[in-house]
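# Observations on the model geometry
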4 protein chains.
Amino acid sequence: MSAHDRFRIAILGASGYTGAELLRLLRYHPHAEIRALTADRHARKPLGAVFPHLAGEGLPDLVTIGEVDWAEVDVVFCGLPHGTTQEVIAGLPEHLKIVDLSADFRLDSATYADWYGREHRAPHLQREAAYGLTEIEREAIRRARLVANPGCYPSSALPPLIPLLRAQLIDPDEIIIDAKSGVSGAGRAAKESSLFAEVSEGIHAYGVAHHFHMPETDQALSAAAGRKVVVSFTPHLMPMNRGLLSTIYIRLTGGATLGDLQAVLERAYHGEPFVRVLPDGSLPATRHVRGTNLCLIGLSRDRIANRAILVCAIDNLVKGASGQAIQNMNAMLGLPETTALEHRALFP
Amino acid sequence: MSAHDRFRIAILGASGYTGAELLRLLRYHPHAEIRALTADRHARKPLGAVFPHLAGEGLPDLVTIGEVDWAEVDVVFCGLPHGTTQEVIAGLPEHLKIVDLSADFRLDSATYADWYGREHRAPHLQREAAYGLTEIEREAIRRARLVANPGCYPSSALPPLIPLLRAQLIDPDEIIIDAKSGVSGAGRAAKESSLFAEVSEGIHAYGVAHHFHMPETDQALSAAAGRKVVVSFTPHLMPMNRGLLSTIYIRLTGGATLGDLQAVLERAYHGEPFVRVLPDGSLPATRHVRGTNLCLIGLSRDRIANRAILVCAIDNLVKGASGQAIQNMNAMLGLPETTALEHRALFP
Amino acid sequence: MSAHDRFRIAILGASGYTGAELLRLLRYHPHAEIRALTADRHARKPLGAVFPHLAGEGLPDLVTIGEVDWAEVDVVFCGLPHGTTQEVIAGLPEHLKIVDLSADFRLDSATYADWYGREHRAPHLQREAAYGLTEIEREAIRRARLVANPGCYPSSALPPLIPLLRAQLIDPDEIIIDAKSGVSGAGRAAKESSLFAEVSEGIHAYGVAHHFHMPETDQALSAAAGRKVVVSFTPHLMPMNRGLLSTIYIRLTGGATLGDLQAVLERAYHGEPFVRVLPDGSLPATRHVRGTNLCLIGLSRDRIANRAILVCAIDNLVKGASGQAIQNMNAMLGLPETTALEHRALFP
Amino acid sequence: MSAHDRFRIAILGASGYTGAELLRLLRYHPHAEIRALTADRHARKPLGAVFPHLAGEGLPDLVTIGEVDWAEVDVVFCGLPHGTTQEVIAGLPEHLKIVDLSADFRLDSATYADWYGREHRAPHLQREAAYGLTEIEREAIRRARLVANPGCYPSSALPPLIPLLRAQLIDPDEIIIDAKSGVSGAGRAAKESSLFAEVSEGIHAYGVAHHFHMPETDQALSAAAGRKVVVSFTPHLMPMNRGLLSTIYIRLTGGATLGDLQAVLERAYHGEPFVRVLPDGSLPATRHVRGTNLCLIGLSRDRIANRAILVCAIDNLVKGASGQAIQNMNAMLGLPETTALEHRALFP
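Residues numbered from 1 in each chain as written. Chains lettered and ligands numbered in written order. Predicted model: local features only at pLDDT ≥ 70, side-chain atom pairs only at ≥ 80, totals over all residues. Heavy atoms only, no water.

### Considerations on the pattern of salt bridges
Applying the stated rule across the entire model yields 108 salt bridges over all chains. For C:Glu192, the salt bridge identified is with A:Arg188, shortest N-O distance 3.4 Å. In this pair, C:Glu192 is assigned in the loop between strand S8 (176–181) and helix H8 (196–199) and A:Arg188 in the loop between strand S8 (176–181) and helix H7 (196–199), connecting two distinct chains. We classify C:Glu192 as partly exposed; its relative accessible area is 35%. By relative accessible area, A:Arg188 is classed as buried at 12%. (Salt bridge = Lys/Arg side-chain N within 4 Å of Asp/Glu carboxyl O. Helix = DSSP H or I, 4+ residues; strand = E, 2+ residues; numbered from the N terminus. Buried < 20%, exposed > 50% of the residue type's maximum accessible area, 1.4 Å probe, protein only.)

Next up, the structure:
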């Protein structure tokens, strides 16, 4: 740990759900001090004006990014929209540690250009950024100045798949991810498609042909497989606030058994505080991780020979966003990764 | 149509959700007259005691099965538990037309014995029963005295798959069904797992290794493929009252294209009032069918070459149970199949 | 009934929830023909573009109001925003029968000016409009060319209160209405306060000091009491799509008993198809009226002497909006009021 | 604080929701050590068998009450059913500090006999027990060996009312409490009335004539008023897991103003960490307290002269049950009351 007793923190884009979630979790962080909260549209308002549940907690008022005194800040969580993020971060002073929750620094430059149809505006930072799946990229994260926090869908699909691809136990050309997400994943923007009456009492698939978490997933799995991987990925929107469940259909290769898969996963996450491999035959539910930084992985046989089913549950706002971001901050600062992240699930 | 102006109807097991749903839908049936409602545990109570929303509708009080005067009945809907159903139905007079909503008459005798671990107690009726997927088995249903109404999951998986298997456009060994169901599918029994606080704000997979809709699905798909089919099938329980969405992952065979699949499906359901194939690129949501007998099928390309994704939405209590049962009754009686089933979706 | 076999209908503002609900209910109306659907922002789109659940139903495409050929229309349902409505309706031809679902024609001119801070722009129509609580204003509605459909909150508060005030059984100065509404009452506008994540898993009171249904309620109750009435009214927003429950706390006057209240209510609504007074001791739930035009009223003793509790349940989109509007149209056209409104509740 | 560094805790009835919630909250308690968890029906099972979200947390297996070694326990939380509780607690050793979450020790003996129709079986303990509304009964609780934790409804109704009654600003004969509760308040018992499909998408009042939280409320308010108080109290069941909102209608006495009420409430709870009086014009929502021990009170003018509206929001499982219980334990043990209770709300 650094000489600092407390790290001074700024949250950019603090009026969104990931901002509120960072503040909820950091409540129990003994070394974090909230110094600045920005929300350009709401600048000069008390935080309670956008989040009444955070009124009366002694947190700073909202300001514009331009008003932040960076000399008073050690760590930045950046929750700004995709696109503008890269310019904002490129303009920040070098002494800052940054965890970015947008998609702007997750892809390599070729993939980025391919999916976004234009060049990245901060390519040097793009090259430098570590990908923030802590259990997989821990060493790079510890050394990094800028961490690209993963998307919520990859956060639930990559942990079960990466060890199995590395061990060459599954077919990289046959990975089917059927994912179900709570509505908070769509953010706090006032969109018809996120209205209560449009979401409750129903389910639908969306973004089937084109979703920006696809290249991120492909890229990480390709690295694990040592060859190009293109996944089948179908997200569904569900009537719940939080939670993300990925049901993943895989084909075993070369005579691998379910026992082999279970053993590889258990070994990969042995000693990890947040990623837990359930005992054989046990499958997770999102309500078991509500409010926590846990990632629960279950494994089941399939009725089709040589296939298996993986089920992975996370809270999309915690392990899929703000909790993962704090875990990354802890790693970057040399703190125990579990600091402020030991909540038990809020159930019911 | 028969000489009767009105067919006299008995509903056995009327205190469950499928019973209430039959009564809701039959409200607009010009040829149906509710004559008897049974619920052994609630016999002698007015219907409003178990379903306050059906009080004051002039419907008969609940009685035991033994109290029904079968001479006054033409059609029976049987919503009794699996197992006891076969004995009850074996004891009913021959003049009755019967639509059974249990699983008791859906399987052939070998499959039944295999999955239930014992012989069927009414094997002659088992042989005689028509499988009640009207669009597929219409002719048999019209001639039948006993129709085995399909399970809710098969009702959403079979319509998109059967025409494609018949046309040999997809690989029968690679069918993966990821299904998401509303809670009413679990019935009205007071179980901890169906409590509001155990279901809301979350999702989980269940019955992964063993679910009684598996053999039913296999059997119907095997018939379509002309060979043995074993599917991968994973049901999920969702926090919504109604609705069932199946996302189905398939592999194309022999150079088939998405256009081929779309054409085959459109041809198969051309003119069908309830099964609708959406235009290319359009996918259904369960809220689009809430309260209706519709089955909406959408088709999407997959990112993996030679694969495709089918999405099928139904209301589990209507096309997945009571609406399908009325459609079958209509077919058995020579009435237009749409009678009493032309509701538009209740949205929002 | 008129010489017309079918009345030709236009719905203005058809892309909102009340528009969809009119179309759902009119499906079973034998004398209604949908001729025009307007939605200025969505003109030229098929209806299925804004309401996928109404695609494939043979309904007309959306147009602008200016594109409607009024010579081809007999009846207009107007679901436009408050304020602009009065100008649009003032410009419609005289041969049309109009049911307006906005608040623009519900108040007398003095009350309107007082609450909206400006003069009404169509005062002659304001004077002419009948208030569309059919059970109370039936004769005026039958003769009316323009009916102001009531707000959803008054629709649940007035039916139990008006007969009791007329009979002078309750204190007009002590009426406390605690109302709980589903989210669809807030309409389909994309507002942060209607987002799923802002509404689900919680409840709050709103508009406590100032809600536009207050003067409407006061006005109708004042007419019933024969003196000025000002109510206490507190609406709450609940995590459900539909449904509105008003729990009303009243003080009995002059030795009135619960039995007196029950008798007066039963007499007032004797023979009414939609307003039902429950037996003594029975209280309604919103799920008992989901999707129906019913208004269920229950009465309970209070623990405080000389006080009582009324509970009234409606579906805010049916008896609180579109069903009430169709009931009014039926009355205006000399049709049976129940036409197209005999649905049983969708439960669960 | 005692000489103990850690207090050893037993939770009786640990398989219910209040048990799970105690375990969630105690996770951050530096002086609490979970020593025994009982659940007679589930004895010998690991805790994860009844609460999968608490598997892998190093907590003890479930045992019967008879198997607890009381010499190894300092504090007992008792979450057993009403009725049996009094016998179990009467049999516990004297060295234990006990917080009872049942209704068994909340009433004085006359009121108990009156409501339950029989004598209490541990009258000496009944006399000795302190009523566990910490902000009101702090001194008695600090000295108590047995604390009767309040019911969830009184926990939301008493904090705003007691100071106003003590100050004689409101009429004790005109208190109307309209309360709305999440489903977890009904516990984890498998009852039809708590099923998802019976609760979601609707609201209803229940227990209107007779609810066991009535005498508890009356008793505490009578003490505050110095005379007998009987309240009007109507609970409603809502489709949400957690949260309890009481909207309370009161009559001001002797020329009291809203400002007077606001001032009295602010003074009463000045410095209290959990009870917060919102600024004038601001009203609380249950989602602002989800997962926290907060009790938020807002005050609003009423439209009827000399009346006012109080709104109070709590999480029924925290300030309405387990959080309150821990606050009481902290007070009994001389620990800071906020220990383990400083969570920020889980929103969304």
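### A word on the packing of helix H5 (residues 134–143) of chain A against helix H10 (residues 318–333) of chain A
Residue and element names in this part refer to chain A. It is at 10 Å that the axes of H5 and H10 come closest, and there the two elements cross at 40°. When the axes of H5 and H10 are compared, the pair comes out oblique. Helix-helix and strand crossings are classified by hand; for H5 and H10 the assignment is right-handed. Every residue of H10 that contacts H5 at Thr134, Glu135, Arg138, Ile141 and Arg142 is listed here: Lys319, Gln324, Gln327, Asn328, Ala331 and Met332. Tallied by class, the residues present in the contact of H5 with H10 amount to 3 nonpolar, 4 polar and 4 charged. (Axes fitted to C-alpha atoms, helices over the stretch in contact; angles between N-to-C directions. Parallel < 35°, antiparallel > 145°, perpendicular 65-115°, else oblique. Left-handed = near helix turned anticlockwise from the far one by under 90°. Contact = heavy atoms within 4.5 Å. Nonpolar A, V, L, I, M, F, W, Y, C, P; charged D, E, K, R; others polar.)

### A look at the relation of the copies chain A and chain B
Rotating chain A by 180° about the axis while translating it 0.0 Å along that axis superimposes it on chain B, leaving an RMSD of 0.0 Å. The superposition of one copy onto the other is thereby described by a two-fold rotation axis. Minimal C-alpha distance to the rotation axis in chain A is attained by A:Pro239, lying at 3.3 Å. Looking at the interface residues of chain A, 100% of them are also at the interface in chain B, so both copies use one shared face. (Least-squares fit on C-alpha atoms with pLDDT ≥ 70 in both.)

### A word on the side chain of D:Ser184
Relative to the elements of secondary structure, D:Ser184 occurs in the loop between strand S8 (176–181) and helix H7 (196–199). In terms of polar contacts, D:Ser184 uses its side chain to reach the backbone carbonyl oxygen of D:Asn241, at 2.7 Å. When neighbours within four sequence positions are excluded, D:Ser184 is seen to be in contact with A:Pro348, D:Tyr17, D:Asn241, D:Arg242, D:Asn316 and D:Leu317. (Polar contact = N/O pair within 3.5 Å; in protein donor to acceptor, adjacent residues only side chain to side chain.)

### Notes on the interface of chain A and chain B
Taken together, the 50 residues of chain A in the interface contact 50 residues of chain B. Where chain A meets chain B, there are 8 salt bridges. Counting across the interface, chain A meets chain B through 34 residue pairs in polar contact (both at pLDDT 80 or more). Contributing elements (two or more residues each) for the side of chain A that touches chain B: S8, H7, strand S9 (204–205), helix H8 (213–225), strand S10 (232–237), strand S11 (244–251), strand S13 (295–301) and strand S14 (307–314) of chain A. Across the side of chain A that touches chain B, the residue classes break down as 25 nonpolar, 10 polar and 15 charged.

### Quick word on the interface of chain C and chain B
Many structure descriptions define interface size as the accessible area lost when the parts assemble. On the side of chain B, 35 residues touch chain C, which itself brings 36 residues to the contact. Between chain C and chain B the total buried area reaches about 3,200 Å² when both faces are included, carbon and sulfur atoms providing 56% of it. The largest per-residue losses of area from chain C upon contact with chain B belong to C:Tyr28, C:Arg344 and C:Pro348, which jointly make up 26% of the total buried on that side. Counting across the chain C and chain B interface gives 6 salt bridges. In this structure, B:Glu57 and C:Arg344 form a salt bridge, with 2.8 Å as the shortest nitrogen-oxygen distance. A per-element tally of the side of chain C that touches chain B places helix H1 (residues 17–26) of chain C first, with 5 residues. Tallied by class, residues from the side of chain C that touches chain B come to 16 nonpolar, 8 polar and 12 charged. (Buried area = accessible area lost by both parts, 1.4 Å probe.)

### A closer look at the sheet that holds strand S5 (residues 97–100) of chain B
All names here are of chain B. If you walk across this open sheet you meet the 7 strands as S3-S2-S1-S4-S5-S7-S6, and the pairing is parallel. Looking at strand neighbours, the two that pair on one side only are strand S3 (62–63) and strand S6 (130–131), the edges of this open sheet. Here strand S2 (residues 32–38) runs beside S3; their pairing, made up of 2 bridges, is parallel. Note that in S3 the partner of threonine 38 across the bridge is valine 63. Helix H10 (residues 318–333) rests against strand S1 (7–12), strand S4 (75–78), S5 and strand S7 (146–148) of the sheet, and its axis sits at about 155° to S5. (Pairing = 2+ DSSP bridges.)

### A short note on the pairing of strand S14 (residues 307–314) of chain C
Residues and elements named next belong to chain C. Along S14, 8 of the 8 residues are buried, which leaves the element largely enclosed by surrounding structure. As paired strands, strand S11 (residues 244–251) and S14 are joined by 8 bridges and run antiparallel to one another. Its bridge partner lying in S14, leucine 245 is registered against alanine 313. As defined by bridge partners, strand S13 (residues 295–301) adjoins S14 across 7 bridges and the pair is classed as antiparallel. Across the sheet, residue serine 300 finds its bridge partner in S14, namely isoleucine 309. Between the end of S13 and the start of S14, which pair antiparallel, lie 5 residues, with asparagine 306 showing a positive phi angle near 65°.

### A few points about the domain arrangement of chain A
Residues and elements named next belong to chain A. Parsing chain A into structural domains produces domain 1 (7–150 + 320–333) and domain 2 (153–316). Centre-to-centre separation of domain 1 and domain 2, based on C-alpha positions: 25 Å. Taken together, the contacts link 24 residues of domain 1 with 27 residues of domain 2. Together, the buried faces of domain 1 and domain 2 total about 2,200 Å²; carbon and sulfur atoms form 54% of this surface. Of all residues in domain 1, the largest losses of buried area upon contact with domain 2 belong to Tyr17, Trp115 and Ile136, amounting jointly to 30% of the total for that side. (Domains from an automatic or database assignment.)

### A short note on the environment of B:Ala225
Counting through the fold element by element, B:Ala225 comes out in helix H8 (residues 213–225). Not counting the four nearest positions on each side in its chain, B:Ala225 is found in contact with B:Leu165 and B:Pro172.

### Section: the sheet that holds strand S9 (residues 204–205) of chain C
All names here are of chain C. Strands sit in the order S9-S10-S8-S11-S14-S13-S12 across an open sheet of 7 strands; the sheet is mixed. The sheet is open, and its two borders are formed by S9 and strand S12 (275–277), each paired with just one other strand. Of the strand pairs in this sheet, S9 and strand S10 (residues 232–237) are connected by 2 bridges, and their pairing is antiparallel. Pairing of alanine 205 across the sheet is with histidine 236, part of S10.

### As for the relation of the copies chain C and chain B
Mapping chain C onto chain B is achieved by rotating through 180° and translating by 0.0 Å along the same axis, at an RMSD of 0.0 Å. Comparing interface residues between copies, 97% of those in chain C also lie at the interface in chain B; the contact surface is shared.

### Brief notes about the state of the cysteines
Residues and elements named next belong to chain C. A complete count under the given rule lists 0 disulfides over all chains for this structure. The thiol of cysteine 152 is not disulfide-bonded; the next cysteine sulfur, from cysteine 312, is found 12 Å away. Judged by relative accessible area, which is 12%, cysteine 152 ranks as buried. Summary of cysteine pairing: cysteine 295 is not part of a disulfide, and the nearest cysteine sulfur, belonging to cysteine 312, is at 3.5 Å. (Disulfide = S-S within 2.5 Å.)

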